[in-house]
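Residues per chain, in single letters:
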Amino acid sequence: MHFKSTTLAALALALSSKASPVHQETGRRVSFHRRHAMTDNNGWFDHDEVSRQVIRTHNKHRNNLVNLERNAGREAFNEGAEIKPFMEHHPVERRQAESLMDEKSDTYWVGKMTIGTPAQQFTIDFDTGSSDLWVPSTNCTMEACAPKHKYTPSSTGVNLDHAFYMYYGDSSAVHGETWSDTVSVAGVKVTDQPFSAVTTITKSLAAEATDGILGLAFPSLSTITHPQSPFVNTAKAQGSLEAAVFGFKLSKPDSPSELYLGGTDSSLYKGQFEYHPVVGKTGYWQLGNGKVTIGSKVVASDIQTIMDSGTTLIYGPPDKVAALYDAIPGSSLYDAYMGYYTIPCDASLSNVAFNWGGKDWMISAENFNAGQVGEGFECVGAVVGKDFGLGKDTWLVGDSFLKNVYSAFSFDDNSVGFATLK
Ligand SMILES: *[C@@H]1O[C@H](CO)[C@@H](O)[C@H](O)[C@H]1NC(C)=O
């Protein structure tokens, strides 16, 4: 048979998207700096820092639910979801001087991107748990903005004449004007990308090594609604990405981590992907029919899981998390308000897993350990019992899980896949 080359190319594309949800080796790499979140350099649990992160996580997801309600209505919520009050701060004084840290380390997976013409460079947290892009504005005169890169309107910038407001708690908010401009991440360039240039940033964000955030979740979680188009979606719509797919490898501070845009990076994983459909209308990368196990014991089944690269730990319903730690000898509740538990540091705990109907995806003992406390014989576990209002039987699955796998997020197939890291 004789095909014209254009027909062949179209056919190949159609076939490859049938055969595998992910187009490989056509994308671009963003490498990340180290992340060093929950412990200081000596491996001690940093109670204050982690609690700040819990508060931020709570308020981030509260913002998401407010956006979702406005963009898609309450019917898009998970069963049992509710917009909870802001979480402000830990009600009790710091328990003891766990933190030996006197210098903030990177809290997020940060990589580079540019905005404007000519390109202005920013250091960004790539977040699958939100959908907006924001960076500091040149108009930000706060001390918190001083060390950060700031956006100056460029020749391709257009003021969209809308206010952007996002509250993070701890008396701090992020707000500013909404703009559109050319945005480029690892050579993937889009024009007219809406984003916010913020004039106020929170104290807690000031200490971080990032300038801003690039959200990788679905448009219905966007604060920016004019228009509502997160970066990857804009890139697909403009043809700058062949596939609206991205892959993550998040690893320990000393080994390379990467976001791969437009597919998955086969040099970083082995074997087949196990894909699961995104369920619900929440705008999150949410998978259904999940299960949490420890050894042969099923701790929770038929759960919803929201995959969030912008969250450090794993959060589950308090009763289910209590059942998980019940199955770990020597564990105990450490901070009832925050939902932290301790486990013996020497527990060779490597049998906690998530399962979505395929294989068991294990959390390594190292990734289950969020750092030592007390005399150093107890360590905080990476699974926290806290309800952010995201829904009944809904778990928020952050980096303590994602570090164990190579993950792929596909807007094209509305699915999330996991593969074994090389
Ligand atoms: C900074 O403020 C000026 C004056 O209000 C305004 O015209 C400009 O658009 C602002 N720049 C940014 C990046 O928001």
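Residues numbered from 1 in each chain as written. Predicted model: local features only at pLDDT ≥ 70, side-chain atom pairs only at ≥ 80, totals over all residues. Heavy atoms only, no water.

Quick notes on the pairing of strand S22 (residues 394–397)
Of the two faces of S22, both are covered, the one formed by Thr394 and Leu396 as well as the one formed by Trp395 and Val397. In terms of strand pairing, strand S13 (residues 297–307) meets S22 through four bridges, oriented parallel. By the bridge assignment, Ile306 is partnered in S22 with Leu396. As paired strands, strand S14 (residues 314–316) and S22 are joined by two bridges and run antiparallel to one another. The residue of S22 that forms the bridge with Ile314 is Val397. (Buried < 20%, exposed > 50% of the residue type's maximum accessible area, 1.4 Å probe, protein only. Helix = DSSP H or I, 4+ residues; strand = E, 2+ residues; numbered from the N terminus. Pairing = 2+ DSSP bridges.)

Re the site of the ligand
The environment of the ligand is formed by Ser137, Asn139, Tyr151, Pro153, Asn159, Glu177 and Trp179. One of the side-chain nitrogen or oxygen atoms of Glu177 is found 3.5 Å away from an oxygen atom of the ligand. At 3.2 Å, a side-chain N or O of Trp179 approaches an oxygen atom of the ligand. Its free accessible area being 360 Å², the ligand has 58% of it covered by the protein chains. A class-by-class count of the residues in the shell around the ligand yields three nonpolar, three polar and one charged. (Near = heavy atom within 4 Å. Polar contact = N/O pair within 3.5 Å; in protein donor to acceptor, adjacent residues only side chain to side chain. Areas by Shrake-Rupley, 256 points an atom, 1.4 Å probe, with all protein chains shown as cover. Nonpolar A, V, L, I, M, F, W, Y, C, P; charged D, E, K, R; others polar.)

Here's the deal with the packing of aromatic side chains
Across all of its chains, the model carries 27 aromatic pairs by this definition. Ring geometry for Phe354 versus Trp395: centroids 6.1 Å apart, planes at 85 degrees, classification edge-to-face. Placement of the pair is Phe354 in strand S17 (residues 352–355) and Trp395 in strand S22, with a sequence separation of 41 residues. Exposure remark for Phe354: the relative accessible area of 2% places this residue in the buried category. Of the residues examined, Trp395 reaches a relative accessible area of 0% and is grouped as buried. Through a chain of ring-to-ring contacts, the aromatic side chains of Phe218, Phe246, Phe248, Trp285, Phe409 and Phe411 assemble into a single cluster. Geometry around Phe86 places Arg62 over its ring, the cationic atom sitting 4.0 Å from the centre. (Phe/Tyr/Trp six-rings, centres within 6.5 Å; stacked < 30°, edge-to-face > 60°. Lys NZ or Arg CZ within 6 Å of the ring centre and 35° of its normal.)

Description of the sheet that holds strand S19 (residues 369–373)
Strand order across the open sheet formed by four strands is S15-S16-S20-S19, with antiparallel pairing between neighbours. Since the sheet does not close on itself, it has two edges, and those belong to strand S15 (332–335) and S19, each with one partner. Looking at each pair of strands side by side, their axes are set apart by 40 degrees on average, direction ignored. Where S15 and strand S16 (residues 340–344) come together, three bridges link them in antiparallel fashion. Bridged to Ser332 within S16 is Thr342. (Axes fitted to C-alpha atoms, helices over the stretch in contact; angles between N-to-C directions.)

Remarks on the sheet that holds S14
Taking strand neighbours across the sheet as the criterion, the seven strands line up as S18-S17-S12-S13-S22-S14-S21 in an open arrangement whose pairing is mixed. Each edge of the open sheet is held by one strand with a lone partner, namely strand S18 (360–363) and strand S21 (383–385). This sheet shows a mean twist of 35 degrees between the axes of neighbouring strands, independent of strand direction. Taken strand by strand, helix H5 (residues 318–326) contacts strand S12 (286–294), S13, S14, S17, S21 and S22, and its axis lies near 135 degrees from that of S21. (Contact = heavy atoms within 4.5 Å.)

Quick look at the nonpolar core
In this structure, Met307 and Phe401 are the most contacted members of the largest nonpolar core, which totals 90 residues. For Met307, the contacting residues outside a window of four places in its chain are Thr128, Trp285, Leu287, Trp356, Val397, Phe401, Leu402, Phe409, Val416 and Phe418. Counting residues in hydrophobic clusters, the runner-up holds eleven residues, among them Val174, Val198, Ile201 and Ile224. (Core = buried A, V, L, I, M, F, W, Y, C linked by side-chain atoms within 4.5 Å.)

Description of the confidence of the model for the protein
Averaged over all residues, the pLDDT of the protein equals 84, while 83% of them reach at least 70. This stretch, residues 93–107, has a pLDDT under 50; its non-local contacts, to residues over four places away or in other chains, come to 36 contacts. (pLDDT = per-residue confidence, 0-100.)

Some points on the environment of Phe86
Looking at where Phe86 falls in the secondary structure, it is placed in the loop between helix H2 (47–72) and strand S2 (110–115). Spatially, the C-alpha atom of Phe86 lies 7.5 Å from that of His58, the residues being 28 residues apart in sequence. When sequence neighbours within four positions are dropped, the list of residues in contact with Phe86 reads His58, Asn59, Arg62 and Tyr167.

A few points about H5
Residues of H5 that are buried: Val321, Leu324 and Tyr325. Within H5, the buried residues cover an arc of 90 degrees as seen down the axis, which keeps them to one side. The exposed set on the far side of H5, more than 90 degrees from its buried face, consists of Asp319 and Asp326. (Arc of directions from axis to C-beta.)

Overview of the state of the cysteines
For the coordinates displayed, the defined rule picks out two disulfides. The side chain of Cys140 participates in a disulfide bridge whose partner is Cys145; the two sulfur atoms lie 2.1 Å from each other. Taking the sign of the S-S torsion, 90 degrees for the link of Cys140 and Cys145, the bridge is right-handed. Relative accessible area serves as the criterion here: at 0%, Cys145 is assigned to the buried category. Numbered by order of appearance in the sequence, the disulfide-linked cysteines of the protein pair as 1-2, 3-4. (Disulfide = S-S within 2.5 Å.)

Quick word on the environment of Gln238
As for its position among the elements, Gln238 is in the loop between helix H4 (231–237) and strand S9 (245–249). Once the C-alpha coordinates of Gln238 and Thr191 are considered, the two residues, 47 residues apart in sequence, prove to be 8.2 Å apart. Look past the residues within four positions of Gln238 in its chain and what remains in contact with it is Val190 and Thr191.

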